Number of protein chains: 2
Amino acid sequence: MDPLAPIRTTRNPKYPNRTFSSDDAGEAHSLKVEKVLFQGKSDYQDVIVFQSATYGKVLVLDGVIQLTERDECAYQEMITHLPLCSIPNPKKVLVIGGGDGGVLREVARHASVEQIDMCEIDKMVVDVSKQFFPNVAIGFEDPRVNLVIGDGVAFLKNAAEGSYDAVIVDSSDPIGPAKELFEKPFFQSVARALRPGGVVCTQAESLWLHIDIIEDIVSNCREIFKGSVNYAWTSVPTYPRHVSLPFNIQSHGVIGFMLCSTEGPDVDFKNPVNPIDDSSSKSNGPLKFYNAEIHSAAFCLPSFAKKVIESKAN
Amino acid sequence: MDPLAPIRTTRNPKYPNRTFSSDDAGEAHSLKVEKVLFQGKSDYQDVIVFQSATYGKVLVLDGVIQLTERDECAYQEMITHLPLCSIPNPKKVLVIGGGDGGVLREVARHASVEQIDMCEIDKMVVDVSKQFFPNVAIGFEDPRVNLVIGDGVAFLKNAAEGSYDAVIVDSSDPIGPAKELFEKPFFQSVARALRPGGVVCTQAESLWLHIDIIEDIVSNCREIFKGSVNYAWTSVPTYPRHVSLPFNIQSHGVIGFMLCSTEGPDVDFKNPVNPIDDSSSKSNGPLKFYNAEIHSAAFCLPSFAKKVIESKAN
């Protein structure tokens, strides 16, 4: 069987009692619920926090595992430091989504950063993270953070041209409500908001299951970002992370990222130029996952994916 | 929560009807069974083959997913080419376990190889693979293969000293019946059977969940193998792969490998010296996963694991 064959499964909105499963069609990844700690309904989604048997506390949005205390480090550190360690002295950073605060915690490790704008659509996610995930929400405590509750697409359209060194898009999946975050008009807004040689990092699915979607994203990025366009991936055990109607997208323990730069000073994403001084951010705890070697390794792709992606990217 | 905290779960011998789950305690990875194609009981284990909804045909031993048609390429290619591409002109190779034939298929890609000995304990696995997984069992058709049905530990004890360039141990997990395959006496037999500067590659668990077991394996290897001792890892979506009584070991989409060399010519596992000429093995199909970049990348470890492993290895 071809590892490239895409898998499409319909979503199951049921929340079983004993275990919390992110899918029931074809394949499932589930964690045993020990105790439900919070259950609410925001203007945008169902929000649940539960204590799991083996992964610590877990945040679930619309029935899908968003983060677990055990493995959140891999995603938050990689989506943040892959872009920020690839440019010298990032000063102004925009985060779209990421309402749990974990990306902010990671951006704050960079001493050169002077301003961190965040636009998150759902205030309940921020509030719940502050209440139940203090080691993640610690990112909000940094004095450089400006939090805006609102629509990230509109925020970017109104952002001053060339104003950011880096944009990090911590979004849900490209099929469903967040679809437009993976299309050309959105990427155009991002490119416009970035300075010449500025960088964007956006969550970009699993190589194992959605190479067709990734191929389209890479094509879109290639048209818009005239600097460098790259795909990276990493291991996050509890991903599948995002699900959107009408399709359930699964990641099977890996998640990918698109890393692009605008025309201007060259950015060589595979060879980071801006190492993090880990000792400068003691309040945020030590880095658990990211290091310079794993940064470069993240851009090495399996042959089946390399063929597809490198025909589209550079 | 510390990503290093080990997880221990007891095994559930039940096989649910609709989905095939490799665990029910704390976390589960399951594939929907479309049709059971084979069900048997060998002298060693329960053997099941089923057609899954999304991963093609699946081989299950004692209730645990062993391989799926979708992702077997990642494991077979990495466990084979990580060692064989790290030494020039491997000629004589021993495979312990690996009764499905996939590792043989990969070893056979190396034109320099003159003799491939395999010792597999369970003939039913070989027969079932030949019947249901022809693209995997194709490895048995290579005329260089000598298949011995028997105990790998005994086979190694009787092997001539210094006779192999490489030994590949495609075994089950270090807790349970295969325990001795991860202990010093076994590693001593392997080291004895290898020529000076010969290499061994053995399956070695998941960084995310069993860093404590990995630490012990690394310590054991460090004592026995006087050349180089390294840990590598890769992504395999359907792993957890092996389960042994009394513990269920899960891998969460990643699997690791120990790569060691005996005293003699230096082996730099991280920089492969023996590229595969893919065109020379057309009958086995093209490589799907392995390439020289992903070889080197496999040795880059997340910070939480690096600290533990590099304190034990070199």
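The structure presented is a predicted model; accordingly, all values stated were derived computationally and were not measured. (Residues numbered from 1 in each chain as written. Chains lettered and ligands numbered in written order. Predicted model: local features only at pLDDT ≥ 70, side-chain atom pairs only at ≥ 80, totals over all residues. Heavy atoms only, no water.)

### Thoughts on the UniProt feature "active site" (unreviewed entry) in chain A
Reasoning step 1: UniProt tags Asp 170 of chain A as "active site" (unreviewed entry).
Reasoning step 2: Relative to the assigned elements, Asp 170 of chain A resides in strand 10 (residues 164–170). (UniProt positions renumbered as here; feature names shortened; annotations may be inferred. Helix = DSSP H or I, 4+ residues; strand = E, 2+ residues; numbered from the N terminus.)

### A closer look at the packing of aromatic side chains
Reasoning step 1: This structure, assessed with the given rule, holds eight aromatic pairs over all chains.
Reasoning step 2: Measuring from centroid to centroid gives 6.0 Å for Phe 38 of chain A and Phe 132 of chain A, while their planes differ by 55 degrees, and the two rings are tilted. In this pair, Phe 38 of chain A is assigned in strand 3 (residues 27–41) and Phe 132 of chain A in helix 3 (residues 123–132), connecting sequence segments 94 residues apart.
Reasoning step 3: Note on Phe 132 of chain A: relative accessible area 13%, which makes it buried.
Reasoning step 4: Ring centres 6.0 Å apart and planes at 70 degrees place the aromatic pair Phe 187 of chain B and Phe 225 of chain B in the edge-to-face group. With Phe 187 of chain B in helix 6 (residues 184–193) and Phe 225 of chain B in the loop between helix 7 (211–224) and strand 12 (229–235), this pair connects stretches of sequence that are 38 residues apart. Each member of the pair, Phe 187 of chain B as well as Phe 225 of chain B, is classed as buried.
Reasoning step 5: These aromatic residues form a ring-pair network of at least three members: Phe 186, Phe 187 and Phe 225 of chain A.
Reasoning step 6: Seen from the ring of Tyr 164 of chain B, Lys 92 of chain B lies directly overhead, with NZ or CZ sitting 5.0 Å from the centre.
Reasoning step 7: Positioned above the aromatic ring of Phe 140 of chain B is the side chain of Lys 130 of chain B, whose terminal nitrogen or guanidinium carbon lies 5.0 Å from the ring centre. (Phe/Tyr/Trp six-rings, centres within 6.5 Å; stacked < 30°, edge-to-face > 60°. Buried < 20%, exposed > 50% of the residue type's maximum accessible area, 1.4 Å probe, protein only. Lys NZ or Arg CZ within 6 Å of the ring centre and 35° of its normal.)

### Some points on the confidence of the model for chain A
Residue and element names in this part refer to chain A.
Reasoning step 1: Considering every residue of chain A, the mean pLDDT works out to 83; 80% of them sit at 70 or more.
Reasoning step 2: Strand 13 (residues 247–248) is the least confidently modelled element of chain A, averaging 30 in pLDDT, while strand 9 (residues 145–149) averages 98, the highest of any element.
Reasoning step 3: Contacts from residues 6–29, a stretch scored under 50 in pLDDT, to residues over four places away or in other chains number 86 contacts.
Reasoning step 4: Overall, residues 240–251 carries pLDDT values under 50, and its contacts beyond four positions in sequence, including any with other chains, amount to 61 contacts. (pLDDT = per-residue confidence, 0-100. Contact = heavy atoms within 4.5 Å.)

### Digging into the environment of Gly 98 of chain A
Residue and element names in this part refer to chain A.
Reasoning step 1: Tracing the backbone shows Gly 98 in the loop between strand 7 (92–97) and helix 2 (102–107).
Reasoning step 2: Remark: the alpha-carbon pair of Gly 98 and Gln 39, spanning 59 residues in sequence, is separated by 20 Å.
Reasoning step 3: Every residue in contact with Gly 98, bar those within four places of it in the chain, is listed here: Met 118, Glu 120 and Asp 170.

### Quick word on the sheet that holds strand 12 of chain B
Residues and elements named next belong to chain B.
Reasoning step 1: Pairing is mixed across the open sheet formed by seven strands, whose spatial order is 9-8-7-10-11-14-12. The open sheet terminates on both sides in strands that have one partner only, identified here as strand 9 (145–149) and strand 12. If you compare each strand with its neighbour and ignore which way they point, the axes differ by 15 degrees on average.
Reasoning step 2: Relative to strand 8 (residues 115–120), strand 7 (residues 92–97) is paired through five bridges, and the arrangement is parallel. (Pairing = 2+ DSSP bridges. Axes fitted to C-alpha atoms, helices over the stretch in contact; angles between N-to-C directions.)

### Details of the pattern of salt bridges
If charged atoms from side chains of opposite charge come close, those side chains can pair.
Reasoning step 1: All told, the structure shown has 18 salt bridges over all chains when counted by the stated rule.
Reasoning step 2: Note that Glu 72 of chain A is salt-bridged to Arg 105 of chain A, the shortest N-O span being 2.9 Å. One end of the pair, Glu 72 of chain A, is in helix 1 (residues 72–84); the other, Arg 105 of chain A, is in helix 2, with 33 residues separating them in the sequence. The pair Glu 72 of chain A / Arg 105 of chain A is uniform in exposure class, with both members buried.
Reasoning step 3: Note that Arg 105 of chain B and Glu 106 of chain B form a salt bridge whose closest N and O atoms lie 2.8 Å from each other. Taken individually, Arg 105 of chain B and Glu 106 of chain B each receive the classification buried, so the pair is uniform in this respect.
Reasoning step 4: Through salt bridges with shared partners, a single ionic network connects Glu 72, Arg 105, Glu 106 and Arg 109 of chain A. (Salt bridge = Lys/Arg side-chain N within 4 Å of Asp/Glu carboxyl O.)

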